[in-house]
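# Structural overview for review
Spelled out from the first residue to the last, the chains are:
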Amino acid sequence: MSSDVDINAAAGKFLKLAEGHLAAYAEACVKCGQCADACHFYVASGDPRYTPAYKLFPMAKAVRRQKWPLAWLGLAPRLTRDDLAQWEELLFDSCTLCGRCTIVCPMGIDIAGIVSASRQAFVAAGLGPKDLLQAADNARDKGSPLGVTPSVLAERIDWIKDEHEVEIPLDKAKAGILLTLSSVELMKYPDSVAAMAKLLNHAGVDWTLSSKGYEATNFGYLAGEMDIAKVMVERITAAAEAVGAATVVIPECGHAYGALRWSGANLLGRPLPYEVLHITEMLARLKRAGRLKLRPTEASITYHDPCQISRRGGATAEARFLLDGFATDFREMSPTGNYNWCCGGGGGVQAIGRAAELRYQAFKIKMDQVEKTGAKTMISACSNCRLTMDESKEHWKWQGGLGSLVELIADHLAEPEAKPAQAR
Ligand code: SF4
Ligand code: SF4
């Protein structure tokens, strides 16, 4: 561990974070062990270090240091370099912030929330996985974790427009809806961008992209760099206010949705001046209004619930509503919905190179789930899940098909694309 590590800064940050409800969580664990079998990393590896309760230790130690009866005598346990060295992998590589442990915990402990907060203490100490921190820095300095600057955005959008013969409004002066993008989609899954454009145009939605605020992902939030997390929310908000958008739509990305929908106002320091919808919620709204006309598909399909959209996002039913009457051979996994297993790459874990082997192990659970359904293809509504699953599929030479819910729907539009209209 580098000599630049600031132990006191980490200790101070832990103590500050433990002043509120997190301290109660850290002290509430009754060590029943029920969370172990809920965590894909523990189940896939059998390694007791990956038990969710173990990820409470850093915060619990900080609380004890503050609250022990003899703390004022300096007898409380001190944070050490060894502690931090051991905890970094626990708090970054082996927690996707999926929240599955919390639904089985009898004390209702928000372990993902504690892990997320604990990452801030690591950043304060000058620690954390370099590649994840670099992604956050890229987002602040270049506009996106993958280095998609506004000019790269414009070039990419021009290319997608030509390639897919679809209208994609960029920097319209006024629009009711601001669509944001994940740079993972822009650079690796451009079909997903074209699919969203086709669907919104088909339904006659008044929408735009904005070069002022286009990146939906929030790697500042994932890395524990809250100043960067705030910048990302400010950019989207400035873009939405500039065009007068009442709605910001998050693309197929789970953590992007969670960061803006549930933490956006706190990061911004005021209520968000727009509603936040995930693209599946937006499409479900259009379908309910009779604005999405689809041809059914008979392909055998199962759906992977992204943790931040279903379990932690509350939009579990929207994907099913979209598939209902459309995918005539839809097969649910078991467990599914709010209890579905994580892909293994959420919470920034996808961006941590050294965590690849752990991700591959976790994906074995998913392969087994899909095979039991007999479905030929697993679709999802998160490009980060998709990237994780594509890489794991390649690693295991798995034969199962993978795809995107939005792309599947766009491929089955019943009517030709309409020109963008002015009404929402
Ligand atoms: S939030 Fe998910 S990955 Fe993290 S400890 Fe809980 S079950 Fe495991
Ligand atoms: S289930 Fe909850 S109370 Fe039980 S060990 Fe895990 S975190 Fe602690």
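Residues numbered from 1 in each chain as written. Chains lettered and ligands numbered in written order. Predicted model: local features only at pLDDT ≥ 70, side-chain atom pairs only at ≥ 80, totals over all residues.

### Description of helix α2 (residues 21-28)
Applicable threshold: Partly exposed residues are those whose C-beta has more than 12 but fewer than 20 other C-beta atoms within 10 Å; with 20 or more the residue is buried, with 12 or fewer it is exposed, and the C-beta atoms are placed from the backbone. Where helices and strands are cited, they refer to DSSP runs of H or I of at least four residues and of E of at least two residues respectively, numbered from the N terminus. Think of it as the arc spanned by the lines of direction from the helix axis to the C-beta atoms.
Along α2, the residues that are buried comprise Leu22, Tyr25 and Ala26. Taken down its axis, α2 places every buried residue within 95° of arc, on the same side. Opposite the packed face of α2, turned more than 90 degrees from it, sit the exposed residues His21 and Ala24.

### Considerations on the site of ligand 2
Let me state the cut-off plainly: Near residues are defined by distance alone, with the backbone-placed C-beta atom required to lie within 6 Å of the molecule or strand. Each residue gets one of three labels, nonpolar for Ala, Val, Leu, Ile, Met, Phe, Trp, Tyr, Cys and Pro, charged for Asp, Glu, Lys and Arg, and polar for the others, Gly among them.
Contacts to ligand 2 come from 13 residues, most closely from Cys29, Cys32, Cys35, Ala53 and Cys105. Tallied by class, the residues present in the shell around ligand 2 amount to 10 nonpolar, two polar and one charged.

### Quick word on the site of ligand 1
With respect to spatial proximity, 15 residues lie near ligand 1, and among them Cys39, Pro52, Cys95, Cys98 and Cys101 are the closest. Contributing elements (two or more residues each) for the shell around ligand 1: α6 (100-104) and α7 (111-124).

### Some words on helix α9 (residues 150-164)
Using the following cut-off: The span you would expect from a helix comes to 1.5 Å times its residue count less one. Working definition of a contact: two residues with C-beta atoms, positioned from the backbone, lying within 7 Å.
With 15 residues, α9 should reach 21 Å at 1.5 Å per residue; the first-to-last C-alpha distance of 21 Å fits that figure. Of all the residues in α9, the buried ones are Leu153, Ile157 and Ile160. Angular distribution of buried residues about the axis of α9 spans 65°; they occupy a single face of the element. Turned more than 90 degrees away from the buried face of α9, the exposed residues are Ser151, Glu155, Asp158, Trp159, Asp162 and Glu163. Lining the buried residues of α9 we find α11 (190-202). With its phi angle positive at about 50°, Glu165 sits one or two positions after the end of α9.

### Examining the pairing of strand β6 (residues 327-330)
Two faces belong to every sheet, and in a regular strand the side chains alternate between them. Formally: Only strands that DSSP links by at least two bridges are regarded as paired with each other.
Bridge count between strand β5 (residues 297-304) and β6: three bridges; the pairing is parallel. Of the residues in β6, the one forming a bridge with Ile301 is Phe330.

### Observations concerning the sheet that holds strand β8 (residues 401-404)
Here is the rule: All axes are obtained by fitting lines to C-alpha atoms, using only the stretch in contact for helices, and the reported angles, taken between N-to-C directions, cover 0 to 180 degrees.
Strand order in the open sheet made by the four strands is β6-β5-β7-β8, with parallel pairing throughout. Bordering the open sheet on either side are β6 and β8, each of which pairs with just one other strand. Strand-to-strand, the axes of this sheet are offset by a mean angle of 45°, without reference to chain direction. Pairing analysis gives four bridges linking β5 to strand β7 (residues 377-380), with the strands arranged parallel. Looking at β7, one finds that Ile301 is bridged to Thr377.

### A closer look at the domain arrangement of the protein chain
Inclusion rule: The split into domains, and so the bounds of each, comes from an automatic or database assignment of domains.
Partitioning the protein chain into structural domains gives domain 1 (7-128), domain 2 (143-286) and domain 3 (293-410). The C-alpha centroid of domain 3 is placed 22 Å from the C-alpha centroid of domain 2. The partner domain 3 presents 27 residues to the 27 residues of domain 2 that form the contact. Secondary-structure elements contributing two or more residues to the side of domain 2 that touches domain 3 are α10 (183-188), α11, α12 (219-223), α14 (254-268) and α15 (279-288). The leading source of residues in the side of domain 2 that touches domain 3 is α11, at six residues. Tallied by class, the residues present in the side of domain 2 that touches domain 3 amount to 13 nonpolar, seven polar and seven charged.

### A closer look at the sheet that holds strand β1 (residues 177-179)
Hydrogen bonding along the main chain pairs the strands of a sheet, whether they run parallel or antiparallel. Spatially, β2-β1-β3-β4 is the arrangement adopted by the four strands of the open sheet, whose pairing is parallel. The outermost strands of the open sheet, each flanked by one partner alone, are β2 (207-208) and β4 (275-278). Where β1 lies against β2, two bridges are found, and the strand directions are parallel. Counted as the bridge partner of Leu178 is Thr208 from β2.

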